[in-house]
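# Survey of secondary and tertiary structure
For reference, the chains in residue letters:
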Amino acid sequence: MRLYALAVYLFLYIPIAVIAVFSFNAGRYAAQLQGFSTQWYGKALSNPFVMEALQTSATVAAASAVLATIAGTLAALALQGVTGKPRLIFDALLYIAVMVPGIVIGISTLIGLVTLFDWLNPILAAAWPLPGAAPQLNLGKGSLIAAHGLFAMALVVIIVRARVAGMDRSLIEASADLGATPFGTFRQVTLPQIFPAILAGFLLSFTFSFDDFIIAFFVAGSETTLPIYVFSSIRRGVTPEINAIGTMVLAVSLVVLIVAQTILQRGRRRPDA
C-alpha cells in the first residue's frame, strides 16, 4: 500500500515539478533545459497582458470570496435551526453544488445570465431618463464574480457549518441568560469561535476563483483572467514564460491553502472556553 500511495503521489506531482524546473530554463524552448536562469519570471512580470490578466483574476477572486464568505456564513448559521426533511433537502442541494462538474455550472450560468440580460436590457433602455444610449448589462467581471461567488458559497457553508456544529452551545445559552442581545451574543461568543473557519473559507474561495478556468471561460465575456490567458498562450506553444506563470500561480495557491489548513487546525485545537 505504501508503494501504491507513493506511485500515486509521484504520478500527480512529477509533472508539476517538471513545470517548476523548466521555468528556470535559460533557453527559449520549454522542453529543452539549456541552463539555469530566472529571465522568464522577469519577462512574465513585465508583460502588460499578463499583469492585466493577473489584476482581473485578483479583483474577481477577492470580490467573489467576500461575497461567498458573507452569504455562506449566514447560510451556515441559518441551517443550524433547520431539521427533518428540509435539512436533508438543503444538504443534498449543498453537496450537489460542489459535485456538479464545472462545465455544467459554466454553461448553465451562461444561459441564465444571457436570458436575464435579454430581459432586463430592454427595460433599462425604456426607463433610462438621460439622453443617449442606456447602459447595457453584459458578461464581464460582474458575471465572473457572481458565478464564482455562488459556487464558492457552498464550500464556505460546509466549512463554517462543521465549525458551528462543534461549538459549545452552553456558552451561547449562558450569554443569553446574562442578558446579552442576539447580536451581542453573535459578536462576542459565536463569531470568535467560528472566525477561523470563516477565514479558511475565504482563502479557499479566493484560491478557487483565482485558479478557475472552466467557469470563467463561459462567463468572462471580453475579460481575460490569468488562466484564460495561459490557455490562449499555450495554443501557440508552451514557452518557459508560461512555465514561470504556472509556477508562480502554483506557489501562491499552495501558500493560501497551507494558511487555510493551518487556520482550520488551530481553530479545531482552540478551546471553546
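Up top is the structure these notes are about.
Here's a quick rundown of the structure. Bear in mind the structure is a predicted one, so any value in this text is a computation, not a measurement.

### Topic: the environment of Ile-242
- Tracing the sequence through the fold places Ile-242 in helix α11 (residues 240-269).
- Overall, Ile-242 belongs to the buried group, its relative accessible area being 9%.
- Separated by 111 residues in the primary sequence, Ile-242 and Pro-131 place their C-alpha atoms 47 Å from one another.
- Non-local contacts of Ile-242, meaning those with residues more than four positions away in its chain, are made with Val-230, Ser-233 and Ile-234.

### Focus: the packing of aromatic side chains
- One pass over the structure, following the stated rule, counts 9 aromatic pairs.
- Measuring from centroid to centroid gives 5.3 Å for Phe-24 and Phe-36, while their planes differ by 15°, and the two rings are stacked. Pair noted here: Phe-24 is in the loop between α1 (2-22) and α2 (39-46) and Phe-36 is in the loop between α1 and α2, with a separation of 12 residues, a long-range link.
- Clustering of aromatic rings is evident, with ring pairs tying together Phe-213, Phe-217, Phe-218 and Phe-231.
- The ring of Trp-40 has Lys-43 lying over it, and the distance from NZ or CZ to the ring centre is 4.5 Å.

### With respect to the environment of Leu-113
- Along the polypeptide, Leu-113 turns up in helix α5 (residues 102-127).
- Assessed through its relative accessible area of 14%, Leu-113 is described here as buried.
- Not counting the four nearest positions on each side in its chain, Leu-113 is found in contact with Leu-139, Ser-143 and Val-219.

### Focus: α1
- Under the 1.5 Å per step criterion, the end-to-end length of α1 is 29 Å for 21 residues, consistent within 8% with the ideal 30 Å.
- Largest kink in α1: about 35°, centred on Tyr-13, with the proline Pro-15 one to four residues after it.

### Structural notes on the packing of helix α3 (residues 48-79) against helix α6 (residues 141-165)
- Following both chains from N to C, one finds α3 and α6 inclined at 40°, their axes separated by 6 Å at the closest point. When the interaxial angle is binned, α3 and α6 end up oblique. In this structure, the crossing between α3 and α6 has a hand that is right-handed.
- A class-by-class count of the residues in the contact of α3 with α6 yields 17 nonpolar, 7 polar and 2 charged.

### Comments concerning the nonpolar core
- Membership of the largest hydrophobic core comes to 18 residues, with the highest contact counts inside it found for Val-157, Val-160, Val-164, Met-167 and Ile-194.
- Per element, the largest residue contribution to this core is 7 residues, and it comes from α6.
- Residues within four places of Val-164 in sequence aside, it is in contact with Leu-77, Gln-80, Arg-169 and Ile-194.
- Within the second largest apolar cluster, 12 residues are counted, among which are Leu-113, Val-219, Ala-220 and Ile-228.

### Details of the packing of α6 against helix α8 (residues 182-211)
- Their axes nearest at 9 Å, the elements α6 and α8 cross at an angle of 155°. Looking at the two axes, α6 sits roughly antiparallel to α8. As for the relative orientation of α6 and α8, their crossing is right-handed in sense. Between α6 and α8, the residues in contact are His-148, Phe-151, Ala-152, Val-156, Ile-159, Val-160, Arg-163 and Val-164 and Gln-193, Ile-194, Ala-197, Ile-198, Gly-201, Leu-204, Ser-205, Phe-208 and Ser-209, respectively.

Calculation criteria
Residues numbered from 1 in each chain as written. Predicted model: local features only at pLDDT ≥ 70, side-chain atom pairs only at ≥ 80, totals over all residues. Heavy atoms only, no water. Helix = DSSP H or I, 4+ residues; strand = E, 2+ residues; numbered from the N terminus. Buried < 20%, exposed > 50% of the residue type's maximum accessible area, 1.4 Å probe, protein only. Contact = heavy atoms within 4.5 Å. Phe/Tyr/Trp six-rings, centres within 6.5 Å; stacked < 30°, edge-to-face > 60°. Lys NZ or Arg CZ within 6 Å of the ring centre and 35° of its normal. Expected span 1.5 Å × (residues − 1). Bend = angle between axes of the 7 residues up to and from the residue. Axes fitted to C-alpha atoms, helices over the stretch in contact; angles between N-to-C directions. Parallel < 35°, antiparallel > 145°, perpendicular 65-115°, else oblique. Left-handed = near helix turned anticlockwise from the far one by under 90°. Nonpolar A, V, L, I, M, F, W, Y, C, P; charged D, E, K, R; others polar. Core = buried A, V, L, I, M, F, W, Y, C linked by side-chain atoms within 4.5 Å.

Worth remembering: the numbers are spatial, not functional.
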